[in-house]
Amino acid sequence: MKHQCLFCGIVAGDIPSVKVFEDDTTYAFMDINPASDGHLLVIPKRHSKDLLEIEGEDLADVTLAAQRIAKAVVKEFGADGVNLLNCCGADAWQTVFHFHLHVIPRYVDKTKDR
Ligand code: 5GP
Ligand code: ZN
């Protein structure tokens, strides 16, 4: 395997993803197993394992991008609320060890939850 890390493979374009946003430091794409309509992930392009390891600069960039994307998601998907979620460590349900923020739109209409 070319990439040790799944999300590094996605950033490199070697593993397909549905991209919603990209700039110099940050990449955002749809979650393959969404918890609700519009569930997406925001990641730093530079690999770091988790919240405890990520550089402050990357964390700031990813968080700012997540806020912008959350605003767009509310507008585009008509979401009524948003969960911003990070799992840090296997015991906190982290399954992919490249830092990511989940942006999970929430709806009054519960049929939009998966
Ligand atoms: P975690 O459990 O680490 O907080 O979240 C990992 C997320 O990555 C999960 O929501 C899972 O559905 C998503 N995921 C895992 N593999 C892939 C993949 O290959 N492509 C995409 N787009 N999402 C993935
Ligand atoms: Zn990585």
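Since the model is a prediction, treat every value here as computed from it, not as a measurement.

**Observations regarding the site of ligand 1**
And then number 1: Around ligand 1 there are 13 residues in total, and Ile32, Asn33, Cys87, Thr95 and Val96 lie nearest to it.
And then number 2: Residues that form the shell around ligand 1 fall into these classes: eight nonpolar, four polar and one charged.

**Some points on the sheet that holds strand β5 (residues 101-106)**
And then number 1: A sheet is described by the order of its strands in space; here five strands give the open sequence β1-β2-β3-β5-β4, paired in antiparallel fashion. Both outer strands of the open sheet, β1 (19-22) and β4 (81-85), are each paired with one neighbouring strand and no more. The mean angle between the axes of side-by-side strands here comes to 20°, regardless of whether they run parallel or antiparallel.
And then number 2: Relative to strand β3 (residues 40-44), strand β2 (residues 26-30) runs antiparallel, the two sharing five bridges. Paired with tyrosine 27 across the strands is isoleucine 43, a residue of β3.

Thresholds applied
- Residues numbered from 1 in each chain as written.
- Chains lettered and ligands numbered in written order.
- Predicted model: local features only at pLDDT ≥ 70, side-chain atom pairs only at ≥ 80, totals over all residues.
- Near = placed C-beta within 6 Å.
- Nonpolar A, V, L, I, M, F, W, Y, C, P; charged D, E, K, R; others polar.
- Pairing = 2+ DSSP bridges.
- Helix = DSSP H or I, 4+ residues; strand = E, 2+ residues; numbered from the N terminus.
- Axes fitted to C-alpha atoms, helices over the stretch in contact; angles between N-to-C directions.

In short, shape yes, function no, at least from these values alone.
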